[in-house]
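Spelled out, the chains give:
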Amino acid sequence: MGSIRGSEAGALRPLAADTAPLPSELTRKGLVEEGVLKEGDVLCTMTSKGNLSMFKITEVTPTGRFLDPPTYSGTLTLWKPPV
């Protein structure tokens, strides 16, 4: 887990809470047919332990099965906010 400086924390907090929020539930239609999550997308959130997290999708791999959503690969970065 990396450390985060004030300016970085200030930039990520709004992303984690307010910027382009996803619906509370992503459906198969949204993931498979509408491609809601794409390569290059960045997801930010606060973890249950109060850390900031950022997941960048680097690859979306279709399963080839109509009802199954794709597999998402990427990089996850966690920051412990300053005390």
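Residues numbered from 1 in each chain as written. Predicted model: local features only at pLDDT ≥ 70, side-chain atom pairs only at ≥ 80, totals over all residues. Heavy atoms only, no water.

(A) Representation of the overall build of the protein in the model. If you tally the helices and strands in the protein, you get 2 helices and 4 strands. Here the protein holds 83 residues, and the buried ones make up 19% of them. Long-range contacts, defined here as pairs at least 24 residues apart, represent 43% of the contacts in the protein between residues at least 6 apart. Approximately 5900 Å² of the protein is accessible, and the part contributed by carbon and sulfur atoms is 56%. (Helix = DSSP H or I, 4+ residues; strand = E, 2+ residues; numbered from the N terminus. Buried < 20%, exposed > 50% of the residue type's maximum accessible area, 1.4 Å probe, protein only. Contact = heavy atoms within 4.5 Å. Areas by Shrake-Rupley, 256 points an atom, 1.4 Å probe, with all protein chains shown as cover.)

(B) The pairing of strand β3 (residues 52-61), seen in detail. Taken together, the 5 bridges between strand β2 (residues 42-46) and β3 define a ladder with antiparallel strand orientation. Within β3, the residue paired with T45 across the bridge is S53. Linking β2 back to β3 in an antiparallel pair, the connection comprises 5 residues, with G50 at a positive phi of about 85 degrees. (Pairing = 2+ DSSP bridges.)

(C) The pattern of salt bridges, seen in detail. For the structure shown, the criterion picks out 3 salt bridges. Across the pair R28 and E33 runs a salt bridge, and its minimum N-O distance is 3.1 Å. For the salt bridge of K29 with E34, the shortest nitrogen-to-oxygen distance reads 3.9 Å. You can call E34 partly exposed: its relative accessible area is 48%. (Salt bridge = Lys/Arg side-chain N within 4 Å of Asp/Glu carboxyl O.)

(D) Structural context of the environment of T71. Structurally, the position occupied by T71 is in strand β4 (residues 71-80). Once the C-alpha coordinates of T71 and T61 are considered, the two residues, 10 residues apart in sequence, prove to be 5.1 Å apart. For T71, the contacting residues outside a window of four places in its chain are E59, V60, T61 and T63.

(E) Just the environment of G30, in detail. Relative to the helices and strands, G30 is located in helix α2 (residues 28-33). On a C-alpha basis, the gap between G30 and P69 in space is 9.2 Å, while along the polypeptide they are 39 residues apart. Setting aside its immediate chain neighbours within four residues, G30 contacts G35 and V36.

(F) Representation of a nonpolar patch on the surface in the model. A cluster of nonpolar side chains, L22, L26 and V36, forms an exposed patch at the surface whose accessible area comes to about 200 Å². Take L26: it is sitting in the loop between α1 (6-17) and α2. (Patch = residues over 30% accessible without salt bridge, like charges linked within 9 Å, V, L, I, M, F, W, Y side chains within 5 Å.)

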